[in-house]
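A structural walkthrough
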Amino acid sequence: GGEPAGGGANGGGGVNGGGGVNGGGGVAAGGGVGQGGSVGQGGDPGVGGVEPPPPPPPACAEPPCEWPVVGDWGPAARMTYFNVPQDAADARRVGCDLLGIHNGTALANARGLPIVGEGDLSVFFAPDANGVIPAIVLARLAGADAGELFGATGPIDFQFFRGVPAPAGAFRIEPSSFAPGTQNPTVHFAGTDVAADGRLDVPSADFSMMIPVFGQVSLGVSLQDAIIRGWVSLAADGVGFDLPLGTIEGYLTRDAVIRDWIQPLQTICNGGAPLAVCAAVGNVIGPPGTCNANMCLGADLVAATLGSWEVHVDAAGPRVCNGRVPGDCNAVGVCFETRMEGVDILGVAP
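Everything numeric here is computed off the predicted structure, so don't read it as measured data.

1. Things to note about the confidence of the model for the protein chain
- In this model, the protein chain carries an average pLDDT of 79, and 78% of its residues clear a pLDDT of 70 or more.
- Across residues 1-52, confidence stays below pLDDT 50; counting only partners more than four residues off in sequence or on other chains, it has 88 contacts.
- Low confidence marks residues 114-118, where pLDDT is under 50. Its contacts with residues over four positions away, or in another chain, come to 18 contacts.

2. Concerning the environment of Trp309
- With respect to the secondary-structure elements, Trp309 resides in the loop between α4 (297-306) and β10 (311-314).
- Residue classification places Trp309 among the buried residues on the basis of a relative accessible area of 12%.
- Residues Trp309 and Gly323 lie 14 residues apart in sequence; the distance between their C-alpha atoms is 8.7 Å.
- The residues contacting Trp309, other than those within four sequence positions of it, are Leu252, Thr253, Arg254, Val257, Ala299, Asp300, Ala303, Cys329, Asn330, Ala331 and Val332.

3. Some words on the state of the cysteines
- Under the definition given, this model contains three disulfides.
- Between the sulfur atoms of Cys60 and its disulfide mate Cys65 the distance is 2.0 Å. The sign of the S-S torsion, about -90°, decides the handedness of the disulfide formed by Cys60 and Cys65: left-handed. Each member of the pair, Cys60 together with Cys65, is buried.
- Shown here is the disulfide that connects Cys321 with Cys329, its sulfur atoms set 2.0 Å apart. With the S-S dihedral at roughly 95°, the linkage between Cys321 and Cys329 falls on the right-handed side.

4. Structural notes on the packing of helix α2 (residues 254-269) against α4
- One way to put it is that α2 packs onto α4 with a least axis distance of 9 Å and a crossing angle of 115°. On the basis of the axis angle, α2 is roughly perpendicular to α4. In this structure, α2 crosses over α4, and the sense of that crossing is right-handed. Only Gly298, Ala299, Asp300 and Val302 of α4 make contact with α2, whose side of the interface consists of Arg254, Val257, Ile258, Trp261 and Ile262.

5. Thoughts on the packing of aromatic side chains
- Scanning the entire structure with this criterion turns up ten aromatic pairs.
- Summarising the aromatic geometry, the rings of Phe82 and Phe125 are spaced 5.2 Å apart at their centres and angled 50° between planes, so their arrangement reads as tilted. Residue Phe82 is located in strand β1 (residues 76-83), and its partner Phe125 is located in the loop between α1 (88-94) and β2 (137-142); the two are separated by 43 residues in the primary sequence.
- An angle of 70° between the planes, with centres 6.2 Å apart, marks the rings of Phe158 and Phe241 as edge-to-face. Of the two residues, Phe158 sits in strand β3 (residues 156-165) while Phe241 sits in strand β9 (residues 241-253), which places them 83 residues apart along the sequence.

6. Observations concerning the nonpolar core
- Formed by 67 residues in total, the largest nonpolar core has its most connected members in Met79, Phe158, Phe160, Phe189, Phe336 and Met340.
- If near-sequence neighbours (up to four positions away) are discounted, Met79 is found in contact with Phe125, Val137, Phe160, Met209, Ile248, Thr338, Arg339 and Met340.
- Residues Ile136, Phe161, Phe171 and Ile173 belong to the second largest nonpolar core, which totals eleven residues.

Basis of the calculations
Residues numbered from 1 in each chain as written. Predicted model: local features only at pLDDT ≥ 70, side-chain atom pairs only at ≥ 80, totals over all residues. Heavy atoms only, no water. pLDDT = per-residue confidence, 0-100. Contact = heavy atoms within 4.5 Å. Helix = DSSP H or I, 4+ residues; strand = E, 2+ residues; numbered from the N terminus. Buried < 20%, exposed > 50% of the residue type's maximum accessible area, 1.4 Å probe, protein only. Disulfide = S-S within 2.5 Å. Axes fitted to C-alpha atoms, helices over the stretch in contact; angles between N-to-C directions. Parallel < 35°, antiparallel > 145°, perpendicular 65-115°, else oblique. Left-handed = near helix turned anticlockwise from the far one by under 90°. Phe/Tyr/Trp six-rings, centres within 6.5 Å; stacked < 30°, edge-to-face > 60°. Core = buried A, V, L, I, M, F, W, Y, C linked by side-chain atoms within 4.5 Å.

Here's what the structure looks like:
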């Protein structure tokens, strides 16, 4: 539930409490001195006090939109923008909608951490001075077959891959993107629907990707119960699809911080590697074997930087946690604003 609001000045109404689940409070109407609002209940996002997301661009130049002719691995796109909103209001503006007081922006508190990076994470998704893209993340709308119309396509599987460059601006898929011995992607959202206007309806699933740290090592970002929101459109050049406006949101758990951040860095840094990231965090993460589910100083320091664990996540999904119960709060909501641009995937790399 949101915090009670103070009374408005000069007869302005108080601000109602934000909803505990999805609920953004609106500004109460003017009148007498506002009273403190009661604790907000879960509900739909409020319409007052928060700028709504901008309208989506047209899904194609001449609706109804028809999926183009593509190769065996299309229609596809590459992630070109990936960043954390500055605060909860900014997150609501772009469409984030998560449990927890930060509404998915906890990582904004950790921009100075070497694990997270400095400032805009999108530097990892754009070519550097040498034309190298540090993090190539590809996406595919499997099942969006050529000639079918937006909104009239059968179930789509929204798939994600790690990629490598290929000739003429195309890409190939890293084999590690698949479950061993198969061509089943480890990160995918089955049952995705694309409406006639390009709006995505994506069921929740787990999402993970690798982000370079200091350009020396890559660490995972794993989100449970992740959802993708936004609108897709046909790429202007006819290759793949664009996602000009979207978010990827989910929950970063304490176990994931230990598994994907702390323990890999313990192994790397205690092996004597002369890396800048090790000099920055070596005294925090400790030696191998000192971090587990019961006690992990590094994970708890990360949580303190993020603003504390604020949600409980387990096999049943996320729920509001009780901070007075030890261990009940074990995750933070994380929301990324993202954009994608159409590309050609030539196949799987050797």
